[in-house]
Amino acid sequence: MDRKHSKLLEMSEVIYAEPDMTKKVKFDRGEMEERIVDIYVSADTLRDSETCTKREETADTAPNNGPGDQHSEQHCQEGWRYFDSSLYFLSTEKKTWEESRQDCLERGADLVIINSKEEQTFLFNLHLRAWIGLTDSVTEGTWKWVDDTSLTTKYWRGGQPDDNGQEDCAEIYYGQDDPVQTWNDDNCLKYHDWICEKVV
Ligand SMILES: [Ca+2]
Ligand SMILES: [Ca+2]
Ligand SMILES: [Ca+2]
């Protein structure tokens, strides 16, 4: 069995795993139903976020496995979501902006750089309040992305950035009504979730 098939098999074993029959007696009916709901929720998440899993399945049914197939496999890592040529890692804990960036660098990525309205909308739909790779810590009021490019297309919330008491790091702030007006500058030492991006 080649690597990809064994990987798919592993994944399907995880997704379709039956609770061990010997342990089954320990579950009451409510718990069993909860487990089933969990599985459906995971399946929906997979579809919505176009994960690597989906790409691999698609590639597998195609008549020829082209170069894109190797590509996706190479970058398929647990916990990453795929959207329009980038992989995104969503934190499950909170850190300062610097610590968040360090975490991304250790994953071979960096804090997310938002290049388009489509990418902004995709991130907004993740329903996260999270650090993004944008800061004005070098020169107050001059916002730069972590790849040192200047900020051109902006999705600030109304009234932001306001540098309220010195705020030099940007967050995408779910909860605003308009998906393209959601950024806020915040104190870099505050603890937020974060989003890493790796272009593939
Ligand atoms: Ca990007
Ligand atoms: Ca500032
Ligand atoms: Ca602010």
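- Under the annotation held in an unreviewed UniProt entry, the chain carries the name CD209 antigen-like protein E and is attributed to Salmo trutta.

1. With respect to the overall build of the chain
Stage number 1. Counting its regular elements, the chain contains seven helices and eight strands.
Stage number 2. Counting over 200 residues, the chain shows a buried share of 22%.

2. Observations regarding unusual backbone geometry
Stage number 1. Omega for the bond connecting Q160 with P161 falls within 30 degrees of zero, at 0°, which places this linkage in the cis form.
Stage number 2. By secondary structure assignment, the location of P161 is in the loop between strand 5 (144–145) and strand 6 (169–173).
Stage number 3. At D148, a position not held by glycine, the phi torsion is positive, near 75°.
Stage number 4. Here D148 is to be found in the loop between strand 5 and strand 6.
Stage number 5. You can call D148 exposed: it has 7 C-beta atoms within 10 Å.
Stage number 6. One non-glycine residue with positive phi stands out, namely D163, at about 50°.

3. With respect to the environment of R81
Stage number 1. Within the secondary structure, R81 is located in strand 1 (residues 80–83).
Stage number 2. Residue R81 is classed as partly exposed on the basis of its C-beta count, with 19 C-beta atoms lying within 10 Å.

4. Concerning helix 6 (residues 97–106)
Stage number 1. Those residues of helix 6 that sit buried are W97, S100, R101 and C104. Burial along helix 6 is one-sided: seen end-on, the buried residues are contained in an arc of 100°.
Stage number 2. Residues of helix 6 that are buried in the fold lie against strand 3 (110–111), strand 4 (129–135), strand 6 and strand 8 (193–199).
Stage number 3. Where helix 6 terminates, the next one or two residues include G108, which has phi positive at roughly 75°.

5. Digging into the environment of W194
Stage number 1. When you line up the elements, W194 lands in strand 8.
Stage number 2. The sequence separation of W194 and W97 amounts to 97 residues, and the corresponding C-alpha distance is 8.0 Å.
Stage number 3. Excluding its chain neighbours within four sequence positions, the residues that come into contact with W194 are S91, K95, S100, L111, A130 and W131.

6. Some points on the pairing of strand 2 (residues 86–90)
Stage number 1. Of all the five residues making up strand 2, four are buried; the element is thus mostly covered by neighbouring parts of the structure.
Stage number 2. Direction of pairing for strand 1 relative to strand 2: antiparallel, over a ladder of four bridges. Pairing of W80 across the sheet is with F89, part of strand 2.
Stage number 3. Sheet analysis places strand 2 next to strand 8, joined by five bridges and oriented antiparallel. Within strand 8, the residue paired with L87 across the bridge is K198.

Calculation criteria
Residue indices begin from 1 for each chain and proceed along its sequence in written order. By the order in which they are written, chains take letters starting at A while ligands take numbers starting at 1. Whole-chain, interface and lining totals are the exception, using all residues; otherwise, since this is a predicted model, local features are given only for residues with pLDDT of at least 70 and side-chain atom pairs are given and counted only at 80 or more. Numbering of helices and strands runs from the N terminus; a helix is a DSSP stretch of H or I covering at least four residues, while a strand is a stretch of E covering at least two. Three exposure classes are used, based on other C-beta atoms lying within 10 Å of a residue's own C-beta, which is placed from the backbone: buried for 20 or more, exposed for 12 or fewer, and partly exposed in between. The arc in question is the one spanned by the directions pointing from the helix axis to the C-beta atoms. Placing C-beta atoms from the backbone, we regard two residues as in contact once those atoms come within 7 Å. Strands were regarded as paired on the criterion that DSSP finds at least two bridges between them.

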